[in-house]
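# A closer look at the structure
Residue-level listing of the chains:
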Amino acid sequence: MTISKLLGACILPCLLLVTTAGLRTKPVTREVPPEKALATFQLPDNFQIELVASEPLLSDPVAMEIDEYGRMYVVEMHGYPLDKSGTGKVRILEDADGDGKMDKTTVFAEGLVLPTGIMRWKKGILVTDPPNVLYLEDRDGDGRSDIRDTLLTGFAMSNPQHNFNNPLLGIDNWIYLGHEPAVTAKVFQEEFGDRGGEILYPKEKGGKTLPQNALGRSVRFNPDKKDIEILSSYTQFGHTFDKWGRYLLVSNANPGYHEVIAARYLNRNPDLLVSNVTQSISDHSSEVFPITKNPLHQLLTDVGVFTSACGITSYQGGLFPAPFDSVTLVAEPVSNIVHADIIRDKGASFTASRLYKDKEFLASTDPWFRPVNMYIGPDGALYVVDYYRQIIEHPEWMADDVIKSGALYNGVDKGRIYRITPKGTAKASWTKNLKFGDAPDDELVQQLANPNIWWRRNAQRLLLDRNPEHALPALEKMASNAASPAGRLHALWTLEGLNKLDTKTIVHALQDKEAGVRENAVRLAELHLQQSPELSEKLLNMKNDANAKVRFQLLATLGFVDTPQAAEVRQAILFRDLNDPWVQIAALSAPTSGKGVLMDAVLKNYKPAIPAYASLVERLSTMAGTSGDTAAIKKLVRNALTNDASKGKPLTKADWRPAVLHGLAQSMKKPKDPGALKDTKTMLLQAALSNPSAALREASLRLLKTTGLPQSNESVLAMQRSAKLAADPNAAPERRNDAIQFLSLDNPAKYEQILKKLVAPHEPRAIQLTALKTLSAIPDETVSHFLLENWPSLTPDLRDAAISTFMVNDKRIKLLLDGVESGKIHQESIGWPRSVGLMAQGNEALRNRSRALLTKKDDARQGIIKKYYEALSLTGNVSSGKLVYQKNCSVCHQIGGSEGVAFGPDLGTIRNRRPESIVGDILDPNLSIADGYDIWIIELKAGESVQGLIANETPTAITVSNYGGQKTVIARKDIKSLKALGMSSMPAGLEAEIDQQAMADLLAYIKQPK
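Computed from a predicted structure; not experimentally measured. (Residues numbered from 1 in each chain as written. Predicted model: local features only at pLDDT ≥ 70, side-chain atom pairs only at ≥ 80, totals over all residues. Heavy atoms only, no water.)

So, on to the overall build of the protein. Looking only at helices and strands, the protein has 33 helices and 33 strands in total. Classification of the 1010 residues of the protein by burial places 60% in the buried group. Across the protein, contacts joining residues at least 24 apart in sequence account for 67% of those joining residues at least 6 apart. Put simply, the protein shows about 39,100 Å² of open surface, and 50% of that area lies on carbon and sulfur atoms. (Helix = DSSP H or I, 4+ residues; strand = E, 2+ residues; numbered from the N terminus. Buried < 20%, exposed > 50% of the residue type's maximum accessible area, 1.4 Å probe, protein only. Contact = heavy atoms within 4.5 Å. Areas by Shrake-Rupley, 256 points an atom, 1.4 Å probe, with all protein chains shown as cover.)

Glancing now at the nonpolar core. Core analysis: the biggest nonpolar cluster contains 210 residues, and Met72, Val90, Phe361, Leu362, Tyr383, Ile420 and Leu661 have the highest contact counts within it. Here this core gets eight residues from one element, more than from any other, and that element is helix α16 (residues 611-627). Contacts of phenylalanine 361, omitting those with residues within four sequence positions, involve Gln42, Leu43, Pro44, Phe47, Phe320, Phe324, Leu329, Val338, Ala340, Tyr356, Leu382 and Ile420. Counting residues in each nonpolar core, the second largest holds 20 residues, with Leu152, Phe164, Ile228 and Ile230 among its members. (Core = buried A, V, L, I, M, F, W, Y, C linked by side-chain atoms within 4.5 Å.)

Further remarks concern the sheet that holds strand β3 (residues 61-66). With antiparallel pairing, four strands are arranged side by side in an open sheet as β3-β4-β5-β6. Sheet topology places β3 and β6 (104-112) at the edges, where each strand pairs with a single neighbour. Pairwise comparison of adjacent strand axes, ignoring direction, gives a mean angle of 20° for this sheet. Examined bridge by bridge, β3 and strand β4 (residues 72-76) share five bridges and lie antiparallel to one another. Bridge pairing links alanine 63 to valine 75 in β4. (Pairing = 2+ DSSP bridges. Axes fitted to C-alpha atoms, helices over the stretch in contact; angles between N-to-C directions.)

Most of β4 sits inside the fold, with five of its five residues counted as buried. Burial along β4 is two-sided: Met72, Val74 and Glu76 facing one way and Tyr73 and Val75 facing the other are all buried. Connecting β3 to the next strand, β4, in antiparallel fashion are five residues, including glycine 70 with a positive phi near 80°. Judged from the five bridges that link them, β4 and strand β5 (residues 88-94) form a sheet pairing that is antiparallel. Bridged to valine 75 within β5 is valine 90.

As a further point, take the packing of helix α24 (residues 765-776) against helix α25 (residues 782-790). Their axes nearest at 8 Å, the elements α24 and α25 cross at an angle of 135°. Judged by the angle between their axes, α24 and α25 are oblique. Facing Leu772, Leu775 and Ser776 of α24, the residues of α25 in contact are Val783, Phe786 and Leu787. (Parallel < 35°, antiparallel > 145°, perpendicular 65-115°, else oblique.)

Relative to the 24 Å expected for 17 residues at 1.5 Å per residue, α16 spans 25 Å between its end C-alpha atoms, a close match to the ideal helical length. The element α16 is largely enclosed, with a buried count of twelve among its 17 residues. Looking at the buried side of α16, the elements it contacts are α13 (564-576), α14 (581-588), α15 (597-604), α17 (630-642) and α18 (656-667). Where α16 terminates, the next one or two residues include glycine 628, which has phi positive at roughly 75°. (Expected span 1.5 Å × (residues − 1).)

With that settled, the discussion passes to the pattern of salt bridges. Pairs may arise between side chains of opposite charge once their charged atoms sit close together. Considering all chains together, one arrives at 43 salt bridges under this definition. Across the pair lysine 122 and aspartate 224 runs a salt bridge, and its minimum N-O distance is 3.1 Å. With lysine 122 in the loop between β7 (117-121) and β8 (124-129) and aspartate 224 in the loop between β15 (219-222) and β16 (227-230), this pair connects stretches of sequence that are 102 residues apart. Given the relative accessible area of 27%, lysine 122 is considered partly exposed. Residue arginine 419 pairs with aspartate 379 through a salt bridge whose shortest N-O separation is 2.8 Å. A residue pair is termed long-range when its members are at least 10 positions apart, and arginine 419 in strand β28 (residues 416-422) and aspartate 379 in the loop between β26 (371-376) and β27 (382-386) qualify at 40 residues. Considered together, arginine 419 and aspartate 379 belong to a single accessibility category, that of buried residues. Among the charged side chains, a network of salt bridges with common partners joins Asp67, Glu68, Arg71, Arg120, Lys122, Asp224, Arg461 and Asp465. (Salt bridge = Lys/Arg side-chain N within 4 Å of Asp/Glu carboxyl O.)

Let's shift gears to the pairing of strand β22 (residues 327-332). Burial within β22 is extensive, with six of its six residues counted as buried. Covered by surrounding structure in β22 are Val327, Leu329 and Ala331 together with Thr328, Val330 and Glu332, the residues of both alternating faces. Relative to β22, strand β21 (residues 310-314) runs antiparallel, the two being bridged by three bridges. Directly across from cysteine 310, in β22, lies its bridge partner alanine 331. Examined bridge by bridge, β22 and strand β23 (residues 337-346) share six bridges and lie antiparallel to one another. In the sheet register, glutamate 332 faces β23, and the bridge partner there is isoleucine 337.

Moving on to the environment of aspartate 502. The topology assignment puts aspartate 502 in the loop between α8 (485-497) and α9 (503-510). A relative accessible area of 33% places aspartate 502 in the partly exposed class. With ten residues separating them in the primary sequence, aspartate 502 and leucine 492 have C-alpha atoms 9.7 Å apart.

Another aspect to go through is the environment of glutamine 511. Mapped onto the secondary structure, glutamine 511 falls in the loop between α9 and α10 (515-527). On the accessibility criterion, glutamine 511 (60% relative accessible area) is exposed.

This next bit is on empty space enclosed by the protein. With the rule as written, the count across this model stands at three cavities of 30 Å³ or more. Considered as a void within the structure, the largest cavity measures approximately 520 Å³ in volume. Around the largest cavity, the lining is made up of 29 residues, and of these Pro167, Leu168, Met374, Tyr375 and Arg457 lie nearest the centre. Those elements that provide at least two residues to the lining of the largest cavity are β3, β7, β11 (165-169), β17 (239-241), β21, β26 and α6 (453-466). Top element by residues in the lining of the largest cavity is α6. It accounts for five residues. Taken as a whole, the second largest cavity holds about 130 Å³ of empty space. Forming the boundary of the second largest cavity are 13 residues, of which Gly170, Ile171, Ile453, Arg457 and His490 lie nearest the centre. When grouped by side-chain class, the residues that make up the lining of the second largest cavity number four nonpolar, five polar and four charged. (1 Å grid on protein atoms, 1.4 Å probe; cavity = no way out; pocket = protein on both sides within 12 Å on 5 of 7 lines; lining within 4 Å. Points joined across faces, edges and corners; volume = space filled by probe spheres on them. Nonpolar A, V, L, I, M, F, W, Y, C, P; charged D, E, K, R; others polar.)

The subject of this paragraph is the sheet that holds β26. Across the sheet, four strands lie side by side as β2-β28-β27-β26; this open sheet has antiparallel pairing. Because the sheet does not close on itself, it has two edges, and the strands there are β2 (47-54) and β26. Neighbouring strand axes in the sheet, compared pairwise and without regard to direction, differ in orientation by 25° on average. By the bridge criterion, seven bridges tie β2 to β28 in an arrangement that is antiparallel. Note on β28: the bridge partner recorded for glutamate 50 is arginine 419.

Here we take up the packing of aromatic side chains. In this structure the tally under the stated criterion is 27 aromatic pairs. Residues phenylalanine 47 and phenylalanine 320 carry aromatic rings whose centres are separated by 4.8 Å and whose planes lie at 70° to one another, so their mutual orientation is edge-to-face. Within this pair, whereas phenylalanine 47 is found in strand β2, its partner phenylalanine 320 is found in the loop between β21 and β22, the two being separated by 273 residues in sequence. Of the two residues, phenylalanine 47 and phenylalanine 320, neither departs from the other in class, the shared state being buried. Consider the rings of tyrosine 73 and phenylalanine 108, whose centres lie 5.4 Å apart with planes at 90°: the pair is edge-to-face. Here tyrosine 73, found in strand β4, pairs with phenylalanine 108, found in strand β6; they are 35 residues apart in sequence, far enough to count as distant. (Phe/Tyr/Trp six-rings, centres within 6.5 Å; stacked < 30°, edge-to-face > 60°.)

Moving on, we get to the side chain of glutamate 526. Structurally, the position occupied by glutamate 526 is in helix α10. Within the local environment of glutamate 526, its side chain forms a polar contact with the side chain of arginine 264, the two groups lying 2.8 Å apart. Leaving out residues up to four positions away in the same chain, glutamate 526 has contacts with Arg264, Tyr265, Gln553, Thr557 and Phe560. (Polar contact = N/O pair within 3.5 Å; in protein donor to acceptor, adjacent residues only side chain to side chain.)

Further remarks concern the packing of α25 against helix α27 (residues 810-822). Closest axis-to-axis distance for the α25/α27 pair is 9 Å, and the angle between their directions is 10°. With respect to α27, the axis of α25 lies roughly parallel. On α27, the residues that touch Val783, Ser784, His785 and Leu788 of α25 are Arg812, Leu815 and Gly819. Residues of the contact of α25 with α27, tallied by class, amount to three nonpolar, three polar and one charged.

Structure below.
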């Protein structure tokens, strides 16, 4: 819940990775006592803040819950960051004198390891304490739990910042668990190296199980039904639902993103490759505006940007003024703030804008203020959970001197909970004599319409627990309560949870005047399609609904209806909302979407001026290639290469024909029967050689690499002509490049001499790179010997590509290490990810040799860094700095979302860092490894292997990212094995490329206001 995922890695020199300075460079700060804490806060003028609990009543709070009797349960995580001895606790705080402040504390449960969340359930509470979800209950009424039951187990015990957390009851009656992939610990492997196992109900033999650590995605479960499911996305610490049940998530550097499409829709069509299921909703920069005095930041902590976003909360308390009914709040403990965004609809998803310009909803001058979670109370107030520690970052990413300083647990005996309300709000009254748990059933039903989500959620939960038959008429009446859309919504889902929702009520809700109710009614109808098929017709009648989110949900739900009428409605919605990429994904998730009818409809309606049509064609073609339907593939290629859609005009990027071939090339596998695509391969050959469209030539060649060349004289002659064209310096570079790529379809050893001549400084960069790649396809060590001989003449771009050609087999790797040992190849040219691969390879001799060569410490490094500190006294030139950036940094970085490739961290996030810190990062960035940049080796069933960072993953595909922003989408069904190497990618320094004045210029460019 803290260290920024922006602060990770890149293959080329990265500017953000490490600062060598720790506590020793900062003034010593002391805690602010509770009685003086309120004076440190800055709030909007119309709000007030009060302290409702503090030490010694509680300490190290990370989550809270207020039950129906006014008891405040608080989870204390004392063990963070390294103590797994079982110091965690759950306390009950109470207000004995009724003044609105807690004055009584009882230890409800102890012996927890690193507890991360809490939820009221049945007569007790659920607590997430990795690897378990625990149920704790007090049976004898003494305020201490005497029942401890493990409901679920198997979650990873990874770094505490990334363990599963925050159980949350959704409106759909499922309990949601925040969860993300386990991170690989490098420093504290013994403590946090557990990556989890199968997730299951331990007392249910033969019950439902999830694969290892739920594949690193969030989970929902229903303890009563012993059901459990993997969601399509993941979150870090915290998650929330908006008023209508849309799922919003958070991660260190991302203050809010939306799970747009659920796993159940993607799972029904494995041919659909989707690499991302979430939409980042922020429309503004990552800047935050702390007011902290003497902030005390650690190794990978940025200043002035999101680096620890957590505890996302959709405000639904009904107490705050407009526009807070559409606001989410996010804690940012490193910067000592709570941030507020106003959420607005945008198609199938949202956009989030700053509620306050250049300031935060809540900020403190106290560097020990560590908000980590928020909670909406029975009074509609916002309760802020303050972990209150001197250090919030984890020592996995700290300097050794900080770890050894003894300061890691400063504040372990402290903690605060604050109450925020509009000015003039009275003290909390729920703390005394709240007896909602004793309310009659009819009163619970009425509270489903309460403006405050606390009452609605607890009323729904209590009704499900009681299962009262006599309350059904009241619930059915509430489901049509014209005065309260929220009441109608909760009543519908409560009836569903009680298995008492009938078709008539659903049909009525499908016609509701409120779009959010209609959207949920479609979800509810989806659950009843089998037993009430008449609902399908009602859904079909909604195709012209005025609301984009209702149409999106309808499109997703109708994917389960396999009728011509449903297909017609899906098409109508698709073409109406085609520019929304989420609508395309929802439409294609239907199992029948890849059968050709939809493609015919798309091509019939195709509009080249609208790029969304080309993207849809490519998605459909990708599905056809994944399916392996030879007849469909032949038809697509034939149409693409014989249909003169452009009528003699040059093809645009939005033309459908290249899109078809690109889509097939992304997913097709070489056919087992070489003759199965003979005619198709001949057509592709002719197009690759002579089609007037460069886009079609390139796309045909790309697909030929999968299908293979036809066995014919025409192929032989084509190779000869291509070899001649490749060597012709007077030919157009574009045509020469095509010819070189074409040679790769044959045995490239035949063209060794031609290819070697093309890897020369006078040749265009693109031709050199293509020739090098083709030369590398010769299976022996030809390319390695050639590169070692010609290394001094290779440009940096060529050197990077050249290193990749060594990383093929043991013989080539040996030659690479020979080059490093001799000094011909500098270690920095290899790059950190490939260095990791070398040091973790299976060949023991080469592994040991790699480690010996690549882990040598440069004793002169610190001297170099100190020398470059002189650059801090030089006047930097912004224009010159931009050139330095473009040459050395832009291939992996952007600044403020532009001016480069978005692979490594955005350098706009370090604008407020100390110059000394940035210089150290540039020149010696390998001192630490940040999370989120683990290197994975993916072995495919076809025998190939892919190595890189997992940028995104969904139920059906993963996206592997490599340097330069290159991404590869891999279908899960094609993966044979997937293994984390246990290390992250980090680069070497830049002193060979940047002198002191260039460093000063670069600093000036990076630090300029944008």
